[in-house]
Amino acid sequence: MEILYKDIDEPGLNTRHVYERRGGYEMLRKALEMEPQEVLDELLASNVRGRGGAGFAMGKKMSFIPKGQMDKYLVCNADESEPGTFKDRELMQKNPHQLIEGIIIGAHAIGANKAFVYIRGEYAHQADVLDAALAEARDAGYVGERILGSDHSLDLVIHRGAGAYICGEETALLDSLEGKRGNPRLKPPFPAIQGLYRGPTLINNVETLMNVPYVLRIGGEEYAKVGTETSTGTKVVSVSGCVTRPGNYEVVLGTPSREIIFDLAGGPPEGRSVKAWFPGGSSAPVLTGSDEHLDLPYDFDALAKAGSMLGSGAIIVIDDSISIVDVALKTAKFYRHESCGKCTPCREGTNWTVKMLERVQSGEATPMDLDIMASVCEQIIGNCLCVLGDAMAMPIGSMIKHFRAEFEAHIEAAREQNGLGAAIPQVNRGRHAGLGPMREPTGVDPTAAVA
Amino acid sequence: MAIDPSRIPRFEHGSRVPGWDDAVDLAKDPAVVPDPASTPVPEHVRAEIEAHMAQYPDVRSAAIPALYVVQREHGWCSPTAIEQAACVMRLTPGYLAAVATFYDMFDTVPVGEHQVYVCTNISCSLRGADAIYDEMLSAAGEDPRFNVRSFECLGACDIAPMASVNGEYVGPLEAGDCRTLVDDVLAGRPPLEAKQLRRRAKATEHWRSQA
């Protein structure tokens, strides 16, 4: 079942006339005739959850926005920078008017008169497409003063970012939009109470907002019948990495992961098997190629229960020809580069994790370093203003958990290559350090080969 | 493992840390908001920045758009460029310099006019992006007209390994494409037209037509 991707390649869909011919902006007219509370009720009934990463129910988020006359803002988060994610890019490029319609309806529901689309600077073409679509919508009277004769007014601005992963985090995005460096803010106050220019602000992902016209068309309760009970609707899944047919596939939430990776994306190349996969962008803990993990239904709760998360809905498949150490190092380096440096655990933790992984790769490490790394990751989680540090700690931690044997084998092989000899495991080093001489663990044969 | 001191990389002054930036003059007074009378700003630059400022409730929100304007004008965010933007926006150059240094797409050193960003993040590197980046460096890395750099995920993993050439996404790249890309850019043609992302249909359609 395709909701957002149905006929998305229709020629000229990015122009207003084709979009209107397909029933576009009808829901805007309908929404403007409804009371904001009625629109909100439909969205609450649909139970559509945020498609950007956290998976928070959109209707609920909207209902946190205070009622009454004040400067309220709606910000569309189009800073899609999560490695492996590319759904918003295609959606905005091919169907910009549906996003604009979703934004106008959302703004009407919360009573915002000013809306922004924060699009990442690298998406130059997509930003141009949005600009052109916005100009068309403005000419037709969908954006501006007193939309279609109603008493709702809305000004919409397409704001280009300039290349910073952290600006996809909602409070960093707000700082960036205010013209500052993109540093996250302390929460609470949450943006719904005090956000952009200190006004109540609703921040939603592109895909979430694009679902809004569809929810109104078929009704919230009808929408909630698709998917599973707690994960309603469809999700655009970006599949990439070691698969034969990478791309965006729209699936009903709850579809078995195996079906997405193998039937839709073609699975790993001939003769290879799935070793690990990120179910929700590089920030999600990895899952293994075991049947237990591959048979998981692809929805928010099933993945959370399995110790990972749906995140932005980006599956990155790693096949058995790839060294997990390389993947871990690549991941950690990304987060080190993108850490804004505001909180110490994240700034230092990402840096030292990279250094330790480099030691693992070059063969200077001992298996003890894996424990230190795991403890560094443990101490980042929950100790920063935002979740960027957690986003590195979780996948690295999960890789060490699932593939510890491979890390240790790599360490041994690399040590041997450097002529350093076998690493002797010692129990009272690192986080277990204390006074007294170093002792070897009892019951462990240090010279035995590591699996 | 014994560490050989002579193998430790050091900076010229003998330390392992870079020390103060040469350009930093600690004795200097902090720069104030530039005086319009002594800061010439081209009229079209001023008009464009002011148009951006008018879009936001707070003019500082136009910091990124304004830096884009002056970067395009000067080729990079030079001290002069930042001073011009600061003059129009009535901010200190220091404020805008702080913003410019935060974001990857602002160049605070002179660079070539053609940007080639090669994605070397996870999805692309699983498909050989590191080799493509090396190939691209040997094709144009020495050319002063090009600014070749590796970039974090550009959001086009469906065409991995890929690159963004002057804002145009192309992929999947093979080693031979790097030379063609450089030639296309220098000849003023659209880069690798057949491999441009904007021409690609949605995944189900694309792979059906390829089968």
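All values derive from a computational prediction rather than experimental measurement.

Looking only at helices and strands, chain B features eight helices and four strands. Its helices and strands taken in sequence order, chain B reads α-α-α-α-β-α-α-β-β-β-α-α from the N to the C terminus. In terms of C-alpha radius of gyration, chain B reaches 21 Å, well past the compact-globule figure of 17 Å for 211 residues. Across its three principal axes, chain B shows a C-alpha extent of roughly 65 × 60 × 30 Å. Of the roughly 10,900 Å² of accessible surface on chain B, 52% is carried by carbon and sulfur atoms.

Okay, the overall build of chain A next. Along chain A, the regular secondary structure elements total 18 helices and 11 strands. Taken against the 2.2 N^0.38 rule, which gives 22 Å for 451 residues, the C-alpha radius of gyration of chain A at 24 Å falls within 12% of a compact globule. By principal-axis analysis of the C-alpha atoms, chain A measures approximately 80 × 45 × 35 Å. Counting the 451 residues in chain A, one finds 58% classified as buried.

The subject of this paragraph is the packing of aromatic side chains. Tallied over the full model, the rule gives 14 aromatic pairs over all chains. Note on Phe116(A) and Tyr56(B): the rings are 5.8 Å apart at their centroids and 0° apart in plane angle, and the pair reads as stacked. Taken together, the residues Phe116(A) in strand E2 (residues 114-119) and Tyr56(B) in the loop between helix H1 (43-53) and helix H2 (63-74) connect one chain to another. What makes Tyr56(B) buried here is its relative accessible area of 6%. Aromatic side chains Tyr123(A) and Tyr169(B) sit 6.3 Å apart centroid to centroid with 65° between the ring planes, which places their arrangement in the edge-to-face category.

All names here are of chain B. Contact geometry for helix H3 (residues 79-89) and helix H4 (residues 93-102): axes closest at 8 Å, N-to-C directions at 120°. In terms of orientation, H3 and H4 fall into the oblique class. Where H3 crosses over H4, the two elements pack in a sense that is right-handed. Residues Ile82, Ala85, Ala86 and Met89 of H3 touch H4, and the partners they reach there are Pro93, Leu96, Ala97 and Ala100. Broken down by class, the residue content of the contact of H3 with H4 amounts to eight nonpolar, no polar and no charged.

The next thing to look at is the interface of chain A and chain B. With 69 residues of chain A at the contact, the number on the chain B side is 47 residues. Here chain A packs against chain B, burying approximately 4,400 Å² in sum over the two surfaces, 58% of which is carbon and sulfur. It is Ala162(A), Arg181(A) and Lys330(A) in chain A that bury the most area against chain B; as a group they hold 14% of the surface buried on that side. The tally of links between chain A and chain B comes to three salt bridges.

All names here are of chain A. When the terminal C-alpha atoms of helix H18 (residues 404-417) are compared, their 20 Å separation across 14 residues agrees well with the 20 Å that a helix rising 1.5 Å per residue should span. All of the buried residues in H18 are Phe407, Glu408, Ile411, Glu412, Ala414 and Arg415. Where the residues of H18 are buried, they touch helix H14 (324-338), helix H15 (344-362), helix H16 (367-380) and helix H17 (388-402).

Phe407(A), Ile49(B) and Tyr103(B) are the most contacted members of the largest nonpolar core, which totals 156 residues. Discounting chain neighbours no more than four positions away, the residues touching Tyr103(B) are Tyr118(A), Ala162(A), Gly163(A), Ala164(A), Cys167(A), Ser176(A), Lys180(A), Arg181(A), Gly182(A) and Ile64(B). Formed by 21 residues, the second largest nonpolar core is a distinct cluster that contains Tyr249(A), Val274(A), Leu287(A) and Leu296(A).

Moving on to the sheet that holds strand E5 (residues 234-241) of chain A. Spatially, five strands are ordered E6-E5-E11-E8-E9 (chain A) in an open sheet, and the strand pairing comes out mixed. One side of each edge strand has no neighbouring strand; the edge strands of this open sheet are strand E6 (247-252) and strand E9 (287-288) of chain A.

Right, let's get into the pairing of strand E3 (residues 155-160) of chain A. Residues and elements named next belong to chain A. In this structure, E2 lies alongside E3, joined through six bridges in parallel fashion. Across the sheet, Ile119 pairs through a bridge with Arg160, a residue of E3. Read as a crossover between parallel neighbours, the route from E2 over helix H7 (residues 124-139) to E3 is right-handed.

Along any regular strand, the residues point their side chains to alternate faces of the sheet. Residue and element names in this part refer to chain A. Where burial is concerned, most of strand E8 (residues 274-278) is hidden: five out of the five residues are buried. Pairing of E8 with E9 involves two bridges; the strand directions are antiparallel. In the strand pairing of E9, Ala276 is matched with Thr288.

Now for the side chain of Glu82(A). Topologically, Glu82(A) is positioned in the loop between strand E1 (73-78) and helix H5 (87-94). Among buried charged residues, Glu82(A) stands out as having no salt bridge; its nearest opposite-charge side chain is Arg120(A), 10.0 Å away. When residues no more than four places from it in sequence are discounted, the contact partners of Glu82(A) are Tyr165(A), Gly280(A), Gly281(A), Ser282(A), Ser283(A), Ser312(A), Tyr335(A) and Cys153(B).

All names here are of chain A. Running from amino to carboxyl end, H16 crosses H18 at an angle of 135°, the nearest separation of the two axes being 9 Å. When the axis of H16 is compared with that of H18, the two are oblique. For H16 against H18, the interelement crossing comes out right-handed. Mapping the contact onto sequence places Pro367, Leu370 and Asp371 in H16 and Arg404, Phe407, Glu408, Ile411 and Glu412 in H18. Class assignment of the residues belonging to the contact of H16 with H18 gives a composition of four nonpolar, no polar and four charged.

Attention now goes to unusual backbone geometry. All names here are of chain A. In this structure, the amide linkage connecting Lys187 to the following residue, Pro188, adopts the cis form with an omega of -10°. Relative to the helices and strands, Pro188 is located in the loop between helix H8 (170-177) and strand E4 (201-205). Following Pro188, the chain continues into Pro189 via a peptide bond in cis, with omega recorded as 5°. Mapped onto the elements of the fold, Pro189 is located in the loop between H8 and E4.

Turning to the sheet that holds E2(A), a few remarks are in order. Residue and element names in this part refer to chain A. Taken in spatial order, the four strands of this open sheet run E3-E2-E1-E4, and their pairing is parallel. Of all the strands in the sheet, the pair left with one neighbour each is E3 and E4. Adjacent strand axes in the sheet meet at a mean angle of 20°, parallel and antiparallel pairs treated alike. Here E1 pairs with E4 via five bridges, running parallel. Directly across from Cys76, in E4, lies its bridge partner Asn204.

The grouping of Glu35(A), Glu38(A), Asp41(A) and Asp151(A) at the surface amounts to a negative patch. Relative to the helices and strands, Asp41(A) is located in helix H3 (residues 36-46).

Here the focus is helix H6 (residues 96-110) of chain A. Residue and element names in this part refer to chain A. Over its 15 residues, H6 runs 22 Å from end to end, which matches the ideal 21 Å to within 8%, given 1.5 Å per residue. Most of H6 is tucked away, with 15 of its 15 residues classed as buried. Of the residues one or two after H6, Gly111 is the one with positive phi, at around 80°.

Reading the values: the criteria
Residues numbered from 1 in each chain as written. Chains lettered and ligands numbered in written order. Predicted model: local features only at pLDDT ≥ 70, side-chain atom pairs only at ≥ 80, totals over all residues. Heavy atoms only, no water. Helix = DSSP H or I, 4+ residues; strand = E, 2+ residues; numbered from the N terminus. Rg over C-alpha atoms; globule rule 2.2 N^0.38 Å. Areas by Shrake-Rupley, 256 points an atom, 1.4 Å probe, with all protein chains shown as cover. Buried < 20%, exposed > 50% of the residue type's maximum accessible area, 1.4 Å probe, protein only. Phe/Tyr/Trp six-rings, centres within 6.5 Å; stacked < 30°, edge-to-face > 60°. Axes fitted to C-alpha atoms, helices over the stretch in contact; angles between N-to-C directions. Parallel < 35°, antiparallel > 145°, perpendicular 65-115°, else oblique. Left-handed = near helix turned anticlockwise from the far one by under 90°. Contact = heavy atoms within 4.5 Å. Nonpolar A, V, L, I, M, F, W, Y, C, P; charged D, E, K, R; others polar. Buried area = accessible area lost by both parts, 1.4 Å probe. Salt bridge = Lys/Arg side-chain N within 4 Å of Asp/Glu carboxyl O. Expected span 1.5 Å × (residues − 1). Core = buried A, V, L, I, M, F, W, Y, C linked by side-chain atoms within 4.5 Å. Pairing = 2+ DSSP bridges. Right-handed = clockwise from strand over helix to strand, strands pointing away. Lys, Arg positive; Asp, Glu negative; His and termini not counted. Patch = residues over 30% accessible without salt bridge, like charges linked within 9 Å, V, L, I, M, F, W, Y side chains within 5 Å. Charge placed at Lys NZ, Arg CZ, Asp CG, Glu CD.

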